[in-house]
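Residue-level structure breakdown
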Amino acid sequence: MSDTKAAEDDVLEAMRDVVDPELGINVVDLGLVYGVNIDDGNVATLDMTLTSAACPLTDVIEDQTASALEGLVEKVTINWVWLPPWGPDKITEDGREQLRALGFNV
């Protein structure tokens, strides 16, 4: 077990490798990561949402998240939350530019 605790910024940066399978944009720039908590044991708990509560791709995102954070944290748990509901207002400017490049009007 590592003696160093991961930083929230490092976790968020690693999470940019996790791509929403439907939109092709990373979950950070889409605004799907609501919060990051890293305990003293270097276990990360992420509060995340999806663009739709009916999204069948939670397993894909969980697998990508585990891969992205491997070696950075000891373990990761995703706490799926639905409030507040996700909306286009949560997309970062980088995410908006990526969506525009794909032909979305945001």
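Remember, it's a predicted structure, so these values are computed and weren't measured experimentally.

A few words now on the sheet that holds strand β1 (residues 33-38). Here three strands make up an open sheet; going across it, the order is β1-β2-β3 and the pairing mixed. Strands at the two margins of the open sheet, each flanked by one partner only, are β1 and β3 (75-80). Adjacent strand axes in the sheet meet at a mean angle of 20 degrees when their direction is disregarded. The sheet strands contacting helix α1 (residues 8-15) are β1 and β2 (43-48), and the helix crosses β1 at an angle near 135 degrees.

This brings us to the UniProt feature "domain: MIP18 family-like" (unreviewed entry) in the protein chain. Under the present numbering, the feature "domain: MIP18 family-like" (unreviewed entry) in UniProt falls on residues 8-79. Helix makes up 28% of residues 8-79 and strand makes up 24%, while its end C-alpha atoms are separated by 16 Å.

When we look at burial in helix α3 (residues 93-101), the residues that qualify are Gly95, Arg96 and Leu99. Seen from one end, α3 has its buried residues packed into an arc of 100 degrees, which puts them on one side. Gly103 sits one or two positions beyond α3 and adopts a positive phi of about 100 degrees.

Now for helix α2 (residues 58-69). Between its terminal C-alpha atoms α2 stretches 16 Å, which fits the 16 Å expected from twelve residues at 1.5 Å a residue. Among all positions of α2, only Ile61, Thr65, Ala68 and Leu69 are buried. Buried residues of α2, viewed axially, fall in a sector of 80 degrees; they line one side. Exposed residues lying more than 90 degrees from the buried face of α2 are Asp59, Asp63 and Ser67. Next to the buried residues of α2 lie α1, β2 and β3. Gly71 sits one or two positions beyond α2 and adopts a positive phi of about 90 degrees.

Each value, and the rule that gives it
- Residues numbered from 1 in each chain as written.
- Predicted model: local features only at pLDDT ≥ 70, side-chain atom pairs only at ≥ 80, totals over all residues.
- Heavy atoms only, no water.
- Pairing = 2+ DSSP bridges.
- Helix = DSSP H or I, 4+ residues; strand = E, 2+ residues; numbered from the N terminus.
- Axes fitted to C-alpha atoms, helices over the stretch in contact; angles between N-to-C directions.
- Contact = heavy atoms within 4.5 Å.
- UniProt positions renumbered as here; feature names shortened; annotations may be inferred.
- Buried < 20%, exposed > 50% of the residue type's maximum accessible area, 1.4 Å probe, protein only.
- Arc of directions from axis to C-beta.
- Expected span 1.5 Å × (residues − 1).

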